[in-house]
Amino acid sequence: MDLLQGESIQLNMVPGHRMRLWASYLGEMYSLDMTIPEEKQDLQVVALNTDTGSSELLLGIHWSTEHGDLKAYLYAPFWLVNNTSMTLKHMFSQNGALTLTSFPSELLGKRRELAAKYDTVYALQKGPTFATGEEKNVLVDEAGAWSEEFPLDTVGNPARITCKGKDRDFELTVDIKLCQSGLTKIVTFCPFYLVSNLGKWDMQVREEGQSTWVDVPAEKVDNDNIGIGVCVSTSESSVAIHLTPFQPGMAPVCIMNHLNVPVNFGQRGHTMEPLPSNEMAFFTWDSVTEDRIMHVGV
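Within any chain, residue numbers begin from 1 and follow the written order of that chain's sequence. Local features in a predicted model are, by the rule used here, given only for residues with pLDDT of at least 70; side-chain atom pairs are given and counted only at 80 or more, and totals for whole chains, interfaces and linings are based on all residues. Note that water and hydrogens are dropped before the side-chain values are worked out from all heavy atoms of the structure.

UniProt positions are given in the numbering used here, feature names are shortened, and annotations may be inferred rather than shown by experiment. Taken directly from UniProt, the Sequence similarities (unreviewed entry) text for the chain runs: "Belongs to the VPS13 family."

Have a look at this one:
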């Protein structure tokens, strides 16, 4: 009988009965042949093997009793999710052997339907239980060097990692969370810098010193004004840049002239603008990369 991801089924089995299952993963068919033990550990590691014996897939079984029923939860200790626009590779050490797997990125909107095809699950083992304190590396396909090692058992504390390339560095955020069952850790890779465009028009952005422009599609917020407001939120694990539609009054400075004479104002080294008596004007910097010093003259 077939059992899809997240589904359950009732079996009339007792300790001592033999249980067999098969699972298809990354083009290989793995099988498990085990006897239900009399004494059960809460968390047990089981090995699924291919028919040829070419590889081994280590998963966990969580045993619990509820309303007189014995429940067995088969799970992978880690689920890797790539939310970048690039192909990533991850590396971890298992029993002294080096394993390398690559997984391509996909759009977030298609994550659920493509999860079984593109997301990666894997297990690490030391002795009878899954290892704690394990560390891993990640590599952006276009970069030339692996990132620094980072722990896999740190939940709820996003980390910043860097893959150094020939012409540029790739900075990523690694966020590790527990799934609803509390058994699988979801390891999500995201770009360290995030740009969202809440306006009506598509935009392009690029890094200073780089020639490549990146398209940022609009989310079609209704607004008849031309212009954008930029809000930057920074933290240790990410930088989020929000582009919002312009609204009247969205300027760094509002200048009000309460004098009886007109004044001139402007950024140092740039054109001065006149402001008549008893009037006001919004002001923004002509160049944000130069000294942000405003001059006022009478």
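Still more ground to cover, so stick around.
Caption draft 1: Region of interest: a nonpolar patch on the surface. Together, L3, I9 and L11 give the surface a local cluster of nonpolar side chains, amounting to about 270 Å² of exposed area. By the criteria applied, helices consist of DSSP H or I runs no shorter than four residues and strands consist of E runs no shorter than two, each listed in order from the N terminus. Within the secondary structure, L11 is located in the segment before strand 1 (18–25). Patch membership needs two things, relative accessible area over 30% and no salt bridge, and members are linked within 9 Å if like-charged or within 5 Å if nonpolar (Val, Leu, Ile, Met, Phe, Trp, Tyr). The accessible surface values rely on the Shrake-Rupley method and a 1.4 Å probe; as for residues, cover is taken only from the protein chains in view. In what follows, salt bridge is the name for a side-chain nitrogen of Lys or Arg lying within 4 Å of a carboxyl oxygen of Asp or Glu.

Caption draft 2: A look at unusual backbone geometry. One non-glycine residue with positive phi stands out, namely N278, at about 60 degrees. By the element assignment, N278 lies in the loop between strand 22 (273–275) and strand 23 (280–283). Accessibility here uses a 1.4 Å probe with only protein chains present; expressed as a share of the type maximum, an area under 20% marks a residue as buried, one over 50% as exposed, and anything in between as partly exposed. In this structure N278 comes out as exposed when scored by relative accessible area, which is 61%.

Caption draft 3: A look at the packing of aromatic side chains. Between the rings of Phe, Tyr and Trp (Trp by its six-membered ring), a pair exists once the centres lie within 6.5 Å; its type follows the angle of the planes, with under 30 degrees stacked, over 60 edge-to-face, and the other angles tilted. Applying the stated criterion to the full structure yields three aromatic pairs. Arranged with centres 5.0 Å apart and planes meeting at 85 degrees, the rings of F192 and Y193 form a pair that is edge-to-face. Residue Y193 is classed as partly exposed on the basis of its relative accessible area, which comes to 45%. A network of ring pairs unites the aromatic residues F265, F283 and W285 as a single cluster. Placement of a charge over a ring requires the Lys NZ or Arg CZ to be within 6 Å of the ring centre, with the centre-to-atom vector within 35 degrees of the ring normal. Geometry around F192 places R160 over its ring, the cationic atom sitting 3.8 Å from the centre.

Caption draft 4: Layout of the sheet that holds strand 1. A pair of strands counts as paired when DSSP detects no fewer than two bridges linking them. In spatial order, the strands read 1-2-3-4-5; together these five strands make up an open sheet with antiparallel pairing. One side of each edge strand has no neighbouring strand; the edge strands of this open sheet are strand 1 and strand 5 (69–75). Along the sheet, successive strands turn relative to each other by an average axial angle of 35 degrees, direction set aside. Of the pairings in the sheet, the one linking strand 3 (residues 43–50) to strand 4 (residues 56–66) comprises seven bridges and is antiparallel in character. Counterpart to V46 in the pairing with strand 4 is L59. In this description, a line fitted to the C-alpha atoms serves as the axis of each element, helices being fitted only across the stretch in contact, and the angle between N-to-C directions of two axes falls anywhere from 0 to 180 degrees.

Caption draft 5: How the structure looks around the pairing of strand 18 (residues 228–234). Across seven bridges, the pairing between strand 18 and strand 19 (residues 239–245) is antiparallel. Bridging from a neighbouring strand, G229 pairs with T244 of strand 19. The turn joining strand 18 and strand 19, which pair antiparallel and follow one another in sequence, is formed by four residues.

Caption draft 6: Quick look at the sheet that holds strand 18. Read from one edge of the open sheet, three strands run 15-19-18, paired in mixed fashion. Every other strand in the sheet has two partners, leaving strand 15 (193–197) and strand 18 as the edge strands with one partner each. The average undirected angle you get between the axes of adjacent strands in this sheet is 15 degrees. Pairing analysis gives five bridges linking strand 15 to strand 19, with the strands arranged parallel. Bridge assignment links S196 to a residue of strand 19, and that residue is H242.

Caption draft 7: Structural context of the pattern of salt bridges. Enumeration over the complete set of coordinates arrives at six salt bridges. As a salt-bridge pair, E171 and R160 come within 2.2 Å of each other at their nearest N and O atoms. One end of the pair, E171, is in strand 13 (residues 169–178); the other, R160, is in strand 12 (residues 159–164), and eleven residues separate them in sequence. Judged by its relative accessible area of 25%, E171 is partly exposed.

Caption draft 8: Region of interest: the nonpolar core. Only buried residues count toward a nonpolar core. Its members are Ala, Val, Leu, Ile, Met, Phe, Trp, Tyr and Cys residues joined through side-chain atoms within 4.5 Å. If you look at the biggest cluster of nonpolar residues, it comprises 13 residues, and the most contacted ones within it are M34, V46, L48, L57 and L59. Secondary-structure elements contributing two or more residues to this core are strand 1, strand 2 (28–35), strand 3 and strand 4. If you tally residues by element for this core, the top one is strand 4, at four residues. Throughout, a residue-residue contact means that at least one pair of heavy atoms, one from each residue, lies within 4.5 Å. Among all residues touching M34, those that are not within four sequence positions of it are H17, R18, M19, Q44, V46, I61 and W63.

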